[in-house]
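A closer look at the structure
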Amino acid sequence: MIPGGDILTLGILLALLGASALAVQSLAVRYGTIGSDSSDALVVTFAVNLAVLVPAAFLFGNPIEELTLRALAAFTAAGLIGTMIGRALHFEAIKRIGSSRSEPIKASQPLHASLIAVVVLGEVVTGGHLLAMLAIVAGIAIISYEHGQGGSVGDAGYVGLAFPFAAAFFYGIEPTFAKLGFAEGPTVLTGLLVKIVSAGTGFLLYLWWTKGLPDPRGIDRRELPWLLGAGVANTVFLLGYYGALELEPVSIVVPLVQSSPLVVILLSVLLVSDDLERITPRLILGALVAVGGAIGVTLLS
């Protein structure tokens, strides 16, 4: 919890690190899926996650001794719901409508996460908290209108907006399962180990059942460095995000992580060509309102 007046706690700093890494991941996925499928991006990021987190979990802890059946079930659910389904929808959203539009819409995650945390974990949401959530909704409405007016790239119209909205819903469910898992005592690395293994296994089984296991040779070699970079950024995000969840309430961590759209827009303006990310004044306004609401959830709690 945040002590009185002490805002920059370790948990808050880890959440901000996660937000920055999430922004870098989104842009890397955008560049890495110009020709490749979003499923290619998922496979590569899962591979990087496993290559880093599995050895780290056993090097710095003892996952087998730390896990209880309740923790195993909670982190497995978090992996399947958030890391598999949520990430798949998130990556497809980036490919279809761009990271600068999908990220602010995905910032509606606090609406789902905070309400679920209130019901399941008994966390308290104040009047100021609810007011800030309304700002998130207003920001998303502005972005949705801007997208529908043809200021978007990729999928025109409103069909593409369904993907970041759905991703936000599944991402919003995940933190509650993570908190239930941490309540059993395992470390961050152990929780991430279970989460990534369950999500990666579930996604590979899904691919095998629907269209066969992926062939790494089919990935565009020019896009592979971007996908590997997305995997590294995602791993940093997971460490910061789950480290923050272990220290702070869901209703604090999730909104801070959703400040990533501002970083995405800043990097898009500085680094990304217009044919990939078209930044409009209305988009910037919508992102500012949505992210302002997300930050306000923290400051007004």
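Residues numbered from 1 in each chain as written. Predicted model: local features only at pLDDT ≥ 70, side-chain atom pairs only at ≥ 80, totals over all residues. Heavy atoms only, no water.

**A word on the pattern of salt bridges**
This structure, assessed with the given rule, holds 3 salt bridges. Here E184 ties to R70 by a salt bridge, and the two come within 3.4 Å at their closest N and O atoms. Linking E184 in the loop between α8 (162-182) and α9 (188-210) with R70 in helix α4 (residues 69-97), this pair joins segments that are 114 residues apart in sequence. The exposure class of R70 is exposed, given its relative accessible area of 51%. For the salt bridge of E174 with K195, the shortest nitrogen-to-oxygen distance reads 2.5 Å. (Salt bridge = Lys/Arg side-chain N within 4 Å of Asp/Glu carboxyl O. Helix = DSSP H or I, 4+ residues; strand = E, 2+ residues; numbered from the N terminus. Buried < 20%, exposed > 50% of the residue type's maximum accessible area, 1.4 Å probe, protein only.)

**With respect to the packing of helix α1 (residues 10-32) against helix α5 (residues 99-106)**
Their axes nearest at 10 Å, the elements α1 and α5 cross at an angle of 140°. Comparing the axis directions of α1 and α5 gives the class oblique. By crossing handedness, the relation of α1 to α5 is classed as right-handed. Contact residues: α1 offers L22, S26, L27 and R30, while α5 offers S99, E103 and K106. By residue class, the composition of the contact of α1 with α5 is 2 nonpolar, 2 polar and 3 charged. (Axes fitted to C-alpha atoms, helices over the stretch in contact; angles between N-to-C directions. Parallel < 35°, antiparallel > 145°, perpendicular 65-115°, else oblique. Left-handed = near helix turned anticlockwise from the far one by under 90°. Contact = heavy atoms within 4.5 Å. Nonpolar A, V, L, I, M, F, W, Y, C, P; charged D, E, K, R; others polar.)

**Here we look at the confidence of the model for the protein**
With 83% of its residues at a pLDDT of 70 or more, the protein has an overall mean of 79. Looking at the elements of the protein, mean pLDDT is at its lowest for helix α6 (residues 109-121), recorded as 68, and at its highest for helix α2 (residues 38-59), recorded as 91. Confidence drops under pLDDT 50 across residues 1-5; counting only partners more than four residues distant or on other chains, this segment forms 9 contacts. Counted against residues more than four places away or in other chains, residues 151-156, with its pLDDT under 50, gives 21 contacts. (pLDDT = per-residue confidence, 0-100.)

**Focus: the packing of aromatic side chains**
On inspection of all chains with the given rule, the structure shows 10 aromatic pairs. On the numbers, 4.5 Å between centres and 15° between planes, the contact of Y31 with W226 is stacked. Note that Y31 is positioned in helix α1 and W226 in helix α10 (residues 224-247), a separation of 195 residues in sequence. Measuring from centroid to centroid gives 6.1 Å for F46 and F203, while their planes differ by 45°, and the two rings are tilted. Here F203 lies in helix α9 and F46 lies in helix α2, a separation of 157 residues in the sequence. With relative accessibility at 6%, the residue F203 sits in the buried group. Among the aromatic residues, those joined into a ring-pair cluster are F75, F182, F237, Y241 and Y242. (Phe/Tyr/Trp six-rings, centres within 6.5 Å; stacked < 30°, edge-to-face > 60°.)

**A look at a nonpolar patch on the surface**
A cluster of nonpolar side chains, namely L204, L205, W208, W209 and L213, defines an oily patch on the protein surface of about 640 Å² accessible area. With respect to the secondary-structure elements, W208 resides in helix α9. Note on W208: relative accessible area 53%, which makes it exposed. (Patch = residues over 30% accessible without salt bridge, like charges linked within 9 Å, V, L, I, M, F, W, Y side chains within 5 Å. Areas by Shrake-Rupley, 256 points an atom, 1.4 Å probe, with all protein chains shown as cover.)

**Points about the environment of L22**
Within the secondary structure, L22 is located in helix α1. On the accessibility criterion, L22 (4% relative accessible area) is buried. Along the sequence, L22 and S259 sit 237 residues apart, while their C-alpha atoms lie 9.5 Å from each other. What L22 contacts, discounting residues up to four positions off in sequence, is H90, E103, K106, F237, V257 and S260.

**What about the nonpolar core?**
Core analysis: the largest hydrophobic core is formed by 30 residues, its most contacted members being F182, F237, Y241, Y242, L245, V253 and V257. For this core, the secondary structure elements donating two or more residues are α1, α2, α4, α8, α9, α10 and α11 (250-257). Ignoring any residue separated from it by four or fewer positions in sequence, one finds Y242 in contact with F75, A78, E174, A178, F182, V188, L192 and K195. V29, I94, A199 and L207 belong to the second-largest nonpolar core, a separate cluster that totals 15 residues. (Core = buried A, V, L, I, M, F, W, Y, C linked by side-chain atoms within 4.5 Å.)

**A short note on the environment of E65**
Mapped onto the elements of the fold, E65 is located in helix α3 (residues 63-66). Each C-alpha atom, one on E65 and one on P186, is 8.9 Å from the other, the two residues being 121 residues apart in sequence.

**Brief notes about the packing of α4 against α8**
Contact geometry for α4 and α8: axes closest at 8 Å, N-to-C directions at 160°. With respect to each other, α4 and α8 are oriented roughly antiparallel. As for the relative orientation of α4 and α8, their crossing is left-handed in sense. Residues of the contact of α4 with α8, tallied by class, amount to 21 nonpolar, 5 polar and 5 charged.

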